[in-house]
Amino acid sequence: MAMAGEAAMVVGTGMIGTGVLLGAASTRKVVLASADAGLRGRLKNSLAGMRWEVYEAAGGAEAMARLDEVRPEALLVDSWLPDLEVGEFAGQIRMLYPAVELMRMDGGADGKARSPRRNELLHALREAQGPVANDTAAWNAAPVAVPVVPVVTRIVESDARRSPEAGMMLPEMIGESAAMRELARLIRLVAARSTTVLIEGETGAGKEVVAKAIHRLSDRVSKPFAVLNCAAIPEALLEAELFGHTRGAFTGAVQSRTGRIEAAHGGTLFLDEIGEMPLALQAKMLRFLECGELQRVGDNETTRVDVRIIAATHQPLEKRSAEGTFRLDLYHRLAVFPVEVPALRERMEDLGLLVEHILAKMGERMPRKRLSEAAMARLREHCWPGNVRELMHVLERATILAGDAMEIGAEEIRYRRTPR
Ligand SMILES: Nc1ncnc2c1ncn2[C@@H]1O[C@H](COP(=O)(O)OP(=O)(O)OP(=O)(O)O)[C@@H](O)[C@H]1O
């Protein structure tokens with residue numbers, strides 16, 4: 001394994017693309033993460049000439065999988081990735097693979113900026129480049145990956161250090177309150193593993209949003225994200241729905257069927273309202289969680305399935321266990337990594353951002369309206385028992401009630417429950 005700085009030295013003493021064979025006697029492995037296949041191809045050629053064994057990845061999740069597989073000395077990341085924010089991604093890599101040399105490369109062959117940092121990078125690179133920096137023709141003609149690696153590395157490392165601790169928000173999870181930042185930090189920490197997660201929180205607070213974020217940040221992102229609401233399926237059918245069944249397993253089972261667990265193979269299964277799962281089925285679920293094997297209803301064979309389980313509940317499961325309605329062993333197995341989604345009334349400082357986000361989303365379907373100060377004040381007075389979902393409904397109703405007016409007034413903000 002390369003020492004920190006060693007890979008930087010090997011690549012950094014020359015320019016990638018010159019074809020110069022540098023110091024390393026034996027082949028080293030590098031993962032190239034970029035959505036740009038052309039860029040990957042060009043870099044691959046250059047690096048191969050420098051005795052690097054190159055593994056390509058079209059995005060962040062794929063790069064994670066490659067890292068696990070090949071254990072490379074270095075990871076070269078584009079300044080933009082289609083599935084993950086590069087700063088977050090760098091943070092994950094730093095945490096999970098501290099020995100891997102992390103480098104960020106610059107824009108594409110078309111010279112278009114890919115991130116706001118491009119100019120900053122170019123400036124730093126020109127500074128560090130020495131003679132080439134003063135030769136505009138050489139600079140312009142140089143291959144895309146001219147970057148001198150130590151400079152690039154330093155920039156990525158400062159991103160990485162900032163990322164997990166600072167609790168940067170996730171794109172679909174609106175909110176910048178301390179509680180939401182902490183939640184985002186926990187999500188980033190657990191996403192890369194296959195750990196079972198138990199999400200607790202009131203109805204409409206965003207438990208499914210959190211489950212999706214975990215899936216999206218994991219290396220399972222290209223595999224299914226399946227959802228099963230345990231409260232929405234009649235008890236008698238839930239077992240077959242989860243585990244599948246064979247033909248003739250019960251009256252009406254005219255053909256065999258794959259269950260939701262199997263259908264999510266390789267991906268994530270989100271079990272909403274897990275507290276509603278019948279006790280008998282809880283035992284079967286626990287067996288699956290412990291050995292990763294399942295038995296379809298009516299089948300004697302077992303099947304091995306690789307699924308990450310994320311469960312959610314709005315009920316305190318520990319209390320339910322004490323009452324005997326939820327198995328304590330299953331509770332402990334699910335709650336390996338518990339996260340709590342804060343209720344909206346506990347993070348009212350996020351209200352403005354959420355309103356903006358919801359109005360902007362609604363603006364994609366109908367003319368976008370704005371909220372008067374009085375309407376906003378009325379929203380602030382409410383206690384939001386239905387959380388973000390209730391806010392969405394209130395704003396949708398208000399938009400309709402406002403008719404042709406572009407501004408929503410306080411009188412259009414109406415609740416179905418009594419405000420506090
Ligand atoms: N932080 C958030 N940012 C943006 N949208 C959110 C956020 N939290 C929740 N929402 C939106 O609010 C709605 C309800 O969220 P979600 O379904 O995740 O809640 P839940 O806690 O799973 O609800 P339930 O307990 O009823 O299943 C969804 O439309 C979701 O997109």
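Residues numbered from 1 in each chain as written. Predicted model: local features only at pLDDT ≥ 70, side-chain atom pairs only at ≥ 80, totals over all residues. Heavy atoms only, no water.

- By the naming in an unreviewed UniProt entry, the protein goes by DNA-binding NtrC family response regulator and is assigned to Edaphobacter modestus.

### Some words on the site of the ligand
And step 1. Around the ligand, 19 residues are found, and the nearest of them are Ile 174, Thr 203, Lys 207, Asp 272 and Arg 389.
And step 2. The contact in question runs from a nitrogen atom of the ligand to an N or O atom on the backbone of Ile 174, over 2.9 Å.
And step 3. With respect to the ligand, the side chain of Lys 207 contributes an N or O atom lying 2.6 Å from an oxygen atom.
And step 4. Protein chains bury 83% of the 630 Å² of accessible surface belonging to the ligand in isolation. (Near = heavy atom within 4 Å. Polar contact = N/O pair within 3.5 Å; in protein donor to acceptor, adjacent residues only side chain to side chain. Areas by Shrake-Rupley, 256 points an atom, 1.4 Å probe, with all protein chains shown as cover.)

### Quick look at the sheet that holds strand 3 (residues 74-77)
The strands making up a sheet are joined through hydrogen bonds of the backbone, oriented either antiparallel or parallel.
And step 1. Across the sheet, four strands lie side by side as 2-1-3-4; this open sheet has parallel pairing. A single partner strand is all that each edge strand has here, and the edge strands are strand 2 (52-57) and strand 4 (101-104). Across the sheet, the mean angle from the axis of one strand to that of its neighbour is 20°, orientation sign disregarded.
And step 2. Bridge analysis of strand 3 against strand 4 gives four bridges, and the strand direction is parallel. Paired with Leu 75 across the two strands is Leu 102, which belongs to strand 4.
And step 3. Sitting on the sheet, helix 3 (residues 60-70) is in contact with strand 1 (28-33), strand 2 and strand 3, with an inclination near 145° to strand 2. (Pairing = 2+ DSSP bridges. Helix = DSSP H or I, 4+ residues; strand = E, 2+ residues; numbered from the N terminus. Axes fitted to C-alpha atoms, helices over the stretch in contact; angles between N-to-C directions. Contact = heavy atoms within 4.5 Å.)

### Examining the packing of aromatic side chains
And step 1. Summed over the entire model, instances satisfying the criterion amount to two aromatic pairs.
And step 2. Ring plane angle 15° and centroid distance 6.3 Å describe the contact between Phe 225 and Phe 270, whose orientation is recorded as stacked. Of this pair, Phe 225 sits in strand 6 (residues 225-229) while Phe 270 sits in strand 7 (residues 268-272), placing them 45 residues apart in sequence.
And step 3. By relative accessible area, Phe 225 is classed as partly exposed at 23%.
And step 4. Using a relative accessible area of 0% as the deciding quantity, one classes Phe 270 as buried.
And step 5. Over the ring of Phe 243 we find Lys 284, and its NZ or CZ is 4.5 Å from the ring centre. (Phe/Tyr/Trp six-rings, centres within 6.5 Å; stacked < 30°, edge-to-face > 60°. Buried < 20%, exposed > 50% of the residue type's maximum accessible area, 1.4 Å probe, protein only. Lys NZ or Arg CZ within 6 Å of the ring centre and 35° of its normal.)

### Quick look at the environment of Leu 96
And step 1. Assignment of secondary structure puts Leu 96 in helix 4 (residues 86-96).
And step 2. With a relative accessible area of 24%, Leu 96 lands in the partly exposed category.
And step 3. A C-alpha to C-alpha distance of 9.6 Å links Leu 96 and Leu 189, two positions 93 residues apart in sequence.

### A short note on the nonpolar core
And step 1. In terms of nonpolar packing, the biggest core is built from 40 residues, with Leu 75, Phe 89, Ile 187, Ile 199 and Val 210 touching the most fellow members.
And step 2. Sorting the residues of this core by element identifies strand 1, helix 3, strand 3, helix 4, helix 9 (178-191), strand 5 (197-200), helix 10 (207-217) and strand 10 (308-313) as the ones contributing at least two each.
And step 3. Per-element tally for this core: the top contributor is helix 9, with seven residues.
And step 4. The residues that make up this core include at least three from each of domain 1 (6-162) and domain 2 (178-340).
And step 5. Here Ile 199 is in contact with Lys 207, Val 210, Ala 211, Phe 270, Ile 310, Ala 311, Ala 312, Thr 313, Val 339 and Val 341, once residues within four sequence places are set aside.
And step 6. In this structure, Phe 243, Leu 271, Ile 274 and Leu 286 belong to the second largest nonpolar core, which totals 30 residues. (Core = buried A, V, L, I, M, F, W, Y, C linked by side-chain atoms within 4.5 Å. Domains from an automatic or database assignment.)

### So, the side chain of Asp 272
And step 1. Mapped onto the elements, Asp 272 comes out in strand 7.
And step 2. Lys 207 is the oppositely charged side chain nearest to the buried, salt-bridge-free Asp 272, at an N-O distance of 5.4 Å.
And step 3. Here Asp 272 is in contact with Lys 207, Leu 228, Asn 229, Cys 230 and Ala 312, once residues within four sequence places are set aside. (Lys, Arg positive; Asp, Glu negative; His and termini not counted. Salt bridge = Lys/Arg side-chain N within 4 Å of Asp/Glu carboxyl O.)

### Points about the UniProt feature "modified residue: 4-aspartylphosphate" (unreviewed entry) in the protein
And step 1. The residues that UniProt annotates with the feature "modified residue: 4-aspartylphosphate" (unreviewed entry) are Asp 78.
And step 2. Residue placement: Asp 78 occurs in the loop between strand 3 and helix 4. (UniProt positions renumbered as here; feature names shortened; annotations may be inferred.)

### A look at unusual backbone geometry
And step 1. The phi angle at Arg 71 is positive, at roughly 50°, despite the residue not being glycine.
And step 2. For Arg 71, the location among the structural elements is in the loop between helix 3 and strand 3.
And step 3. Its relative accessible area of 46% is what places Arg 71 among the partly exposed residues.
And step 4. Residues other than glycine seldom take positive phi values, yet Trp 384 does so here, at roughly 50°.
And step 5. Look at Trp 384 and you get buried, because its relative accessible area is 0%.

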